[in-house]
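# A structural walkthrough
This is what each chain is made of:
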Amino acid sequence: MMVPQHVAIIMDGNGRWAKKRGLPRTMGHTRGAQVVEQILEDADDLGIRYLTVYAFSTENWSRPAAEVKALMNLLRTYMKTSLAKCAKNNVRVRVLGDKTKLAPDLQAAIANLEKETAGNTGITFQIAINYGARDEIVRAVRKLAADVKDGRTDADAIDEAALSNALDTGGIPDPDLLIRTCGEERISNFLLWQIAYAELYFTDKAWPDFDRAELEKAIEAYGKRERRYGGLSE
Ligand code: IPE
Ligand code: IPE
Ligand code: MG
């Protein structure tokens, strides 16, 4: 099996999964949070080096306050309780997105988990929270503009690598495969710059039903794709 180095996932369908079972939407999120922990282990086991998941978008604040709160609490629990597991599995955690809008205790828990796992050499697990690709690009451009203003760089020296590096994903290779669950075939403001040449894979499975077999199916489909990068096939 040809395994992609970096897999990104738009974990969608928690609400629909719950609704179908007569459960509150938040139960779908709780189940979804369990699934992502299992998929991280499966991805690692399959040899994937980077796993990036979309947990909360800049647009998701528009949901009912109770749902936003439930999602933030799940993220809080993960940040505060997973250090031992990350240490055991040699997982490096990074959070993408504008963290300044998150609750102070959540910001602190994220900073701590990032710091404590920074030296881990196994799979890199990136979680996008209050993440929007357009917001990320704007923040990166501001950073570069400040560098020019303060004389740290020259406007002419800004190239694709410089912008890549200024993004939240700086230093991480671009995704090879982007998976979206639960039928929707759109990007919803995720990693717009980084997926320039990613292979896209859509499945009807809702995220709470996603499992190792589904991940393997996506990898198998990826293996059959021919990545030409604008060139010609052999
Ligand atoms: C994905 O599931 C999780 C988040 C976006 C936070 P949804 O909550 O979007 O579930 P659906 O799409 O409404 O079913
Ligand atoms: C994308 O899912 C965001 C996350 C998975 C966190 P949404 O459910 O928010 O996307 P739309 O609204 O269907 O585009
Ligand atoms: Mg959705």
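First, a word on what this report is: a plain description of the structure on this page. Since we're looking at a predicted model, the values are computed, not measured. (Residues numbered from 1 in each chain as written. Chains lettered and ligands numbered in written order. Predicted model: local features only at pLDDT ≥ 70, side-chain atom pairs only at ≥ 80, totals over all residues. Heavy atoms only, no water.)

## Thoughts on the pattern of salt bridges
One pass over the structure, following the stated rule, counts 27 salt bridges. For R16, the salt bridge is made with E184, and the minimal N-O distance between the two is 3.0 Å. With R16 in helix α1 (residues 14-20) and E184 in the loop between β5 (177-180) and β6 (199-202), this residue pair connects regions lying 168 residues apart in the sequence. Classification of E184 as partly exposed rests on a relative accessible area of 23%. (Salt bridge = Lys/Arg side-chain N within 4 Å of Asp/Glu carboxyl O. Helix = DSSP H or I, 4+ residues; strand = E, 2+ residues; numbered from the N terminus. Buried < 20%, exposed > 50% of the residue type's maximum accessible area, 1.4 Å probe, protein only.)

## Overview of the environment of D211
Tracing the sequence through the fold places D211 in the loop between β6 and α8 (212-224). Along the sequence, D211 and G183 sit 28 residues apart, while their C-alpha atoms lie 16 Å from each other. At 3.0 Å, the side chain of D211 and the backbone nitrogen of E214 are in polar contact. (Polar contact = N/O pair within 3.5 Å; in protein donor to acceptor, adjacent residues only side chain to side chain.)

## What to know about the site of ligand 2
The environment of ligand 2 is made up of I10, M11, D12, Y54, A55, F56, N60, R63, R180, R186 and S188. Residue D12 places a side-chain N or O atom 3.2 Å away from an oxygen atom belonging to ligand 2. Interatomic distance of 2.6 Å between a side-chain N/O atom of S188 and an oxygen atom of ligand 2. Against a free-state accessible area of 390 Å², the protein chains account for coverage of 78% of ligand 2. Here ligand 2 is seated within the largest pocket. With three residues, strand β2 (residues 50-57) is the largest single contributor of residues to the shell around ligand 2. (Near = heavy atom within 4 Å. Areas by Shrake-Rupley, 256 points an atom, 1.4 Å probe, with all protein chains shown as cover. 1 Å grid on protein atoms, 1.4 Å probe; cavity = no way out; pocket = protein on both sides within 12 Å on 5 of 7 lines; lining within 4 Å. Sits in = over half its atoms within 2 Å of the grid points.)

## Observations concerning the side chain of Q194
Mapped onto the fold, Q194 is located in the loop between β5 and β6. The exposure class assigned to Q194 is buried, which follows from its relative accessible area of 3%. A distance of 2.8 Å separates a polar atom in the side chain of Q194 from a polar atom in the side chain of T169.

## Re the nonpolar core
Counting residues in hydrophobic clusters, the biggest one holds 41 residues, and the most contacted among them are L51 and M79. Ranked by size, the runner-up nonpolar core spans 13 residues in total, among them A8, Y54, Y131 and F190. (Core = buried A, V, L, I, M, F, W, Y, C linked by side-chain atoms within 4.5 Å.)

## Thoughts on the layout of surface pockets
The calculated volume of the largest pocket comes to roughly 900 Å³. Considering the residues around the largest pocket, the lining is formed by 39 residues, among which M11, N14, Y54, A55 and L71 are closest to the centre. No other element matches helix α2 (residues 25-46), which puts eight residues into the lining of the largest pocket. (Points joined across faces, edges and corners; volume = space filled by probe spheres on them.)

## Things to note about α2
Since there are 3.6 residues in each turn of an α-helix, residues three or four apart along the chain are aligned in direction. Look at α2: 31 Å from first C-alpha to last across 22 residues, which is about the 32 Å you get at 1.5 Å a residue. All buried positions along α2 are accounted for by G28, H29, G32, V35, V36, I39, L40, D42, A43 and L46. Contacts from the buried residues of α2 go to β1 (6-10), α1, β2, α3 (65-81), β4 (124-131) and α8. Within two residues after α2, G47 carries a phi angle of roughly 100°, on the positive side. (Expected span 1.5 Å × (residues − 1). Contact = heavy atoms within 4.5 Å.)

## Some remarks on the packing of aromatic side chains
A full pass over the atoms with the stated rule returns seven aromatic pairs. Geometrically, the ring pair formed by F56 and W61 is edge-to-face, given 4.8 Å between the ring centres and 70° between the ring planes. Owing to a relative accessible area of 0%, F56 belongs among the buried residues under this scheme. Ring geometry for Y131 versus F190: centroids 5.8 Å apart, planes at 85°, classification edge-to-face. Within this pair, whereas Y131 is found in strand β4, its partner F190 is found in the loop between β5 and β6, the two being separated by 59 residues in sequence. Both residues of the pair, Y131 and F190, belong to the buried class. Members of the aromatic cluster, joined through ring pairs, are Y54, Y131 and F190. (Phe/Tyr/Trp six-rings, centres within 6.5 Å; stacked < 30°, edge-to-face > 60°.)

Remember that the coordinates give geometry; whether it matters functionally is a separate question.
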